[in-house]
Amino acid sequence: MNAADIRHALPATAPVAVIGSGTMGAGIAQVAALAGHPVQLYDSREGAAAKAIADIRAGLDKLANKGKIPAEEAHAASDRLCVAHTLQEMRDARLVIEAIVEQLGAKQELFGKLEDLVDAQCLLASNTSSLSITHIAATLRHPERLAGLHFFNPVPQMALVEVIRGVRSDATVVQCLHDTALAWGKVPVVASSTPGFIVNRLARPYYAEALRVLNEGGAHPATIDALLRESGGFRMGAFELMDLIGHDVNFAVTQSVFHAFFNDPRFTPSLIQQELVQAGLLGRKSGRGFYRYGEDAEIPQPATEPEYELPTVPLQLFGTHPLVEVIRARYQGRVEYHGPRADHLLMKAGPGRLYVTEGRSATQQSYDYNMPDVVLVDLALDYARATRLGVTRADQCRDRACQAVLAVLQSCGFAVSAMQDVPGMVVMRTVCMLANEAADAVNQGVCSRSDADMAMQKGVNYPRGPLAWADAIGIDTVTNVLRQLSATYGEDRYRVSPLLQRLQASGRKFHE
Ligand code: NAI
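As the structure is a computational prediction, the values presented were derived from the model and not from experiment. Sequence order as written defines the numbering, with residues in each chain counted from 1. Side-chain atom pairs in this predicted model are given and counted only at pLDDT of 80 or more, local residue features only at pLDDT of at least 70, and totals for whole chains, interfaces and linings cover all residues. Working from all heavy atoms in the structure, the side-chain values ignore hydrogens and water.

**A few points about unusual backbone geometry**
Move 1: The amide bond that connects Asn153 to the next residue, Pro154, takes the cis arrangement and shows omega of -5 degrees.
Move 2: Positive phi, normally seen in glycine, also occurs at Phe262, with a value near 55 degrees.
Move 3: Tracing the backbone shows Phe262 in the loop between α11 (247-260) and α12 (271-279).
Move 4: Phe262 sits in the exposed class, given a relative accessible area of 76%. A run of DSSP states H or I qualifies as a helix once it reaches four residues; a run of E qualifies as a strand once it reaches two. Both are numbered from the N-terminal end. Whether a residue is buried, partly exposed or exposed follows from its accessible area with a 1.4 Å probe, protein chains only, as a fraction of its type maximum: under 20%, in between, or over 50%, in that order.

**Section: the sheet that holds strand β1 (residues 16-19)**
Move 1: Two strands are counted as paired when DSSP detects at least two bridges linking them. Spatially, β3-β2-β1-β4-β5-β6-β7-β8 is the arrangement adopted by the eight strands of the open sheet, whose pairing is mixed. Each edge of the sheet is formed by a strand with only one pairing partner; in this case those strands are β3 (81-83) and β8 (187-192). Each neighbouring strand pair of the sheet contributes to a mean axis angle of 25 degrees, computed without reference to strand direction.
Move 2: Sheet topology note: the β1/strand β4 (residues 95-98) ladder contains four bridges and is parallel. Within β4, the position partnered with Ala17 by the bridge is Val96.
Move 3: Across the sheet, helix α3 (residues 71-80) lies against β2 (39-42) and β3, angled at about 25 degrees from β3, the strand it touches most.
Move 4: The sheet strands contacting helix α17 (residues 449-459) are β7 (160-165) and β8, and the helix crosses β8 at an angle near 125 degrees. Orientation is described by axes fitted as lines to C-alpha atoms, over the contacting stretch for helices, and by angles from 0 to 180 degrees between their N-to-C directions. Residue contacts are defined here by distance: any two heavy atoms, one from each residue, within 4.5 Å place the two residues in contact.

**Some remarks on the site of the ligand**
Move 1: Every one of the 20 residues lining the ligand counts as a neighbour, but Met24, Asp43, Glu102, Lys107 and Ser129 are closest to it.
Move 2: We call two N or O atoms a polar contact when they sit within 3.5 Å, provided that within protein one can donate a hydrogen and the other can accept it, with sequence-adjacent residues counted only if both atoms are side-chain atoms. With respect to the ligand, the side chain of Arg45 contributes an N or O atom lying 3.0 Å from an oxygen atom.
Move 3: A distance of 3.4 Å separates an oxygen atom of the ligand from a polar side-chain atom of Asn153.
Move 4: All accessible-area figures derive from a Shrake-Rupley calculation using a 1.4 Å probe, and residue coverage is judged against the displayed protein chains alone. In the complex, the protein chains occlude 73% of the 830 Å² of accessible area that the ligand would expose alone.
Move 5: Within the residue set of the shell around the ligand, elements represented by two or more residues are α1 (23-34) and β6 (146-151). Residues are labelled near a given molecule or strand when at least one of their non-hydrogen atoms is within 4 Å of it.

**Here we look at the packing of helix α8 (residues 204-215) against helix α16 (residues 427-443)**
Move 1: Direction vectors running N to C along α8 and α16 enclose 145 degrees, while the axes themselves pass 9 Å from each other. Pair α8 / α16 crosses with right-handed handedness. On the side of α8, the interface is formed by Pro205, Tyr206, Glu209, Arg212 and Val213, while α16 contributes Arg429, Thr430, Met433, Leu434 and Glu437.
Move 2: Side-chain classes follow a simple rule in which Ala, Val, Leu, Ile, Met, Phe, Trp, Tyr, Cys and Pro form the nonpolar group, Asp, Glu, Lys and Arg form the charged group, and the remainder, Gly included, forms the polar group. The residue inventory of the contact of α8 with α16, partitioned by class, reads five nonpolar, one polar and four charged. A crossing counts as left-handed when the near helix is turned anticlockwise from the far one by less than a right angle, and as right-handed when that turn is clockwise.

**Points about the domain arrangement of the protein chain**
Reports of interface size often rely on the accessible area that becomes lost once the parts have come together.
Move 1: Delimitation of the domains relies on an automatic or database domain assignment. Along its sequence, the protein chain is carved into domain 1 (13-193), domain 2 (201-286) and domain 3 (315-418).
Move 2: One C-alpha centre belongs to domain 1, the other to domain 3; they are set 53 Å apart.

**Brief notes about the state of the cysteines**
Move 1: For this text, the term disulfide refers to a pair of cysteine sulfurs within 2.5 Å. Using the criterion set out here, one finds zero disulfides in the structure.
Move 2: Free of any disulfide, Cys122 has its nearest cysteine sulfur in Cys176, 10 Å distant.
Move 3: Looking at the unpaired Cys432, the closest cysteine sulfur is the one in Cys447, lying at 19 Å.

**Things to note about the pattern of salt bridges**
Move 1: When a carboxyl oxygen of Asp or Glu is within 4 Å of a side-chain nitrogen of Lys or Arg, the pair counts as a salt bridge. Scanning the model with the defined rule gives 22 salt bridges in all.
Move 2: A salt bridge links Arg141 to Asp116; its shortest N-O distance comes to 2.5 Å. Of this pair, Arg141 sits in the loop between α5 (133-137) and β6 while Asp116 sits in helix α4 (residues 104-117); the two residues are 25 residues apart in sequence, bridging distant segments of the chain. Judged on exposure class, the residue Arg141 and its partner Asp116 are both exposed.
Move 3: For Glu512, the salt bridge is made with Arg508, and the minimal N-O distance between the two is 3.4 Å.
Move 4: Residue class for Glu512 comes out exposed when judged on its relative accessible area of 68%.
Move 5: Arg508 gets classed as partly exposed once you look at its relative accessible area, which sits at 49%.

**Things to note about the environment of Gln301**
Move 1: One can find Gln301 in the loop between α12 and β9 (315-318).
Move 2: Taking C-alpha positions, Gln301 is 46 Å from Gly166, a pair spaced 135 residues apart along the chain.

**Looking at helix α9 (residues 221-230)**
Move 1: Among the ten residues that make up α9, eight are buried, leaving the element largely enclosed by the rest of the structure.
Move 2: Every buried residue of α9 is accounted for by Pro221, Ala222, Thr223, Ile224, Asp225, Ala226, Leu227 and Leu228.
Move 3: Against the buried residues of α9 lie α8, α10 (238-245), β14 (388-393), β15 (415-418) and α16.

What follows is the structure, encoded as structure tokens:
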């Protein structure tokens, strides 16, 4: 970061006020104080702000004791925090950030009161995660001075901040909040005020596709999670992540995005998750969700194929796909190399033929190619580093053909999880749908391409931004996978973003 990047930031000495001293407000107050601002914290609940400040100070002392921040910095930040007992005490603030209860009426009422108190130059920001910034600002006399400043939990650790532009937000207000977040050491991205902003919208397919595969009996949660982690490179599988977030919270976000987009089937919630919520199986916090928790809870293992015998005939490899390169480097038996094939065949092991999923079921691909022994492998972020691969086979595929393919993959060091023949498998359909949603958000002017990628990497720790990932897989492949899913399911859910279609037709990428 250089000075030019933050030239529109609030001066570090400008007073900041934070309203609502719960999880988010306390975190925001801490970050603002560490950045040098005098910070007032207000909460309508008697004693709550004082307690939050005491907790922040104790937390800062701990950080200093552990050597994470210099002791003088911790003390100085602690000294900059003070309780505001009334809203009137905040009249000199240059920026007020609201982190109160998630209710439109409460937020509108609060900002209405603030508008009468603070200076005309004071910026107003809401940390809402699901309400429209445009709607919150609608009852103000000066809606142009309000924008969203959406932090992630826990605020001190999470780098991402979404700066939300309402229809009437002034561009200079958005720029100032952006630069201020940058000066606070955060990674700001800008989004227009649309349902779910960037992260909560673009992340929906991560949960939804896993739930769809489960719903179709494709594999158990532990297997799907293992594939997302060990092949996809995601830090947590979708089911363990939903269990951690809480199904009540995760389901409510999905429902809210679904309804806010006028029931667009892209965002249709899952009946399986609804059942969990209705049963009170909310995840970790209730001791059970998709998994069980507690001392003697068994940790379910992913399905892993037993070791099979290698084929006696030479292995035939085709083209230069990254998985072919890995097999080429690791396979100990005899190999014959061939050029790339128009049908994208990767490998012939005995009678078995291996392809990367292109969005069709293996059974459909087998039928289309008029050959019985088709085995499909799932996408991996990096085949050279993946420890597990998902495979599926056509219903027509003979056991010995499938086992020959699996034996080769196993001999190359992969644990193999066989799944039912669900189109697009796990990682491929998830990544393609993440990229599709990101493409639509960009196409609809919600955010820039680089902000879409940055938001997903910093807000939910994805190993790669979805658009950069689509570039790496190939726009053709992503588009084809989505078209196949759309053809199989006949659902609008898998419609291909116009931006992806354009890139495919022009041979371009998201990031040239
Ligand atoms: P919380 O329940 O921990 O804290 C809210 C605080 O606001 C409470 O201390 C409450 O007493 C106070 N409050 C309620 N109404 C008030 C009013 N009218 N005036 C002053 N104080 C009032 O809630 P949390 O989790 O900190 O969320 C706050 C806001 O941040 C919500 O809009 C939420 O959607 C948003 N958010 C929450 C995230 C999270 O992970 N918890 C993440 C990102 C945004």
